[in-house]
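Each chain, written out:
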Amino acid sequence: IYNVAPKDGTVFGTFARNMPLLGMVKTSQNVQFDPAKFTWLGSSSSFANDAYILLVRRDAKVKSVDDARRPGGEPLMLGATAEGTSSDAMGLLLRDLLGFNVKLIPGYTDSGVLFLAMERGEVEGRTVGLSAVKANKPDWLKPGGLMRVLVVFGRATRHADYPDAPTARELARTPDDRNLIEIIEIPYALSRPYA
């Protein structure tokens, strides 16, 4: 759209939520657009009742945030899709900014395959949109279900349905880390943007 479409307001599109941020930080030579030159129209959804979450198997050895941050403790085995995707980026955030002992296993082909890997116990968890879990595996989040929410991303406050799960912002170790987390979470505020 940026490079080919007419610039007369007759063309609009929707984007992956991380595209505007990728365009701003310009860390990839594949990014050949300036998000500031789009007219942003809004979003088809909101994160007001949603969240991006760290979803962990109930039988994982890591039972709490303290367990996950314990020096020399058991690593939490997290599956991810491709490097650079949200599932991979949030795993890095957990490790590098929040001090979690995680082992990232990227390379799962899609979300469905990753859900299956969790079900089979190949990995102990992943980061994923709460609405995706509710739509695809609603039984997982019921009391006593296979999974539990350990951390919430993309929100300034805890999710009302998971009051015991802290936000990533709460877990930041320094004000600079918190600021960086807020920047990384910008795509979740955009949710499903149109421009």
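It should be noted that the structure appears before, not after, this text.
Residues numbered from 1 in each chain as written. Predicted model: local features only at pLDDT ≥ 70, side-chain atom pairs only at ≥ 80, totals over all residues. Heavy atoms only, no water.

(A) Spotlight on the packing of aromatic side chains. Tallied over the entire structure, the rule returns six aromatic pairs. Aromatic pair Y2 and F38: ring centres 5.8 Å apart, planes at 55°, arrangement tilted. One end of the pair, Y2, is in the segment before α1 (19-25); the other, F38, is in the loop between α1 and β1 (42-43), with 36 residues separating them in the sequence. Taking the relative accessible area as the measure of exposure, Y2 reaches 23% and is therefore partly exposed. (Phe/Tyr/Trp six-rings, centres within 6.5 Å; stacked < 30°, edge-to-face > 60°. Helix = DSSP H or I, 4+ residues; strand = E, 2+ residues; numbered from the N terminus. Buried < 20%, exposed > 50% of the residue type's maximum accessible area, 1.4 Å probe, protein only.)

(B) Quick look at the side chain of R169. Position of R169 among the secondary structure elements: in helix α6 (residues 168-171). Under the relative-accessibility criterion, R169 is labelled buried at 16%. Dropping the residues within four chain positions of it, R169 is found in contact with R155, A156, R178, I181, E182 and E185. (Contact = heavy atoms within 4.5 Å.)

(C) Main features of the environment of L98. For L98, the position within the fold is in the loop between α3 (86-96) and β4 (102-105). By relative accessible area, L98 is classed as buried at 0%. In this structure, the C-alpha to C-alpha distance between L98 and P187, residues 89 residues apart in sequence, is 19 Å. The contact partners of L98, leaving out residues within four places of it in the chain, are R69, L93, A168, L171, A172, R173 and I181.

(D) Here's a closer look at the nonpolar core. Counting 26 residues, the largest nonpolar core has L54, L76, L93, L98, F100, V151 and F153 as the members making the most contacts within it. For V151, the residues in contact, after removing those within four places along its chain, are Y52, I53, L54, V65, F100, A165, P166, T167, A168 and L171. Core analysis: the second largest hydrophobic core is formed by 19 residues, F115, M118, Y162 and A165 among them. (Core = buried A, V, L, I, M, F, W, Y, C linked by side-chain atoms within 4.5 Å.)

(E) Region of interest: the pattern of salt bridges. Across all of its chains, the model carries 10 salt bridges by this definition. Put simply, K134 and D161 hold a salt bridge, and the shortest N to O gap is 3.3 Å. Of the two residues, K134 sits in helix α5 (residues 130-136) while D161 sits in the loop between β6 (147-153) and α6, which places them 27 residues apart along the sequence. You can call D161 partly exposed: its relative accessible area is 47%. Notably, a salt bridge pairs K142 with D139, separated by 3.0 Å at the nearest N-O pair. (Salt bridge = Lys/Arg side-chain N within 4 Å of Asp/Glu carboxyl O.)

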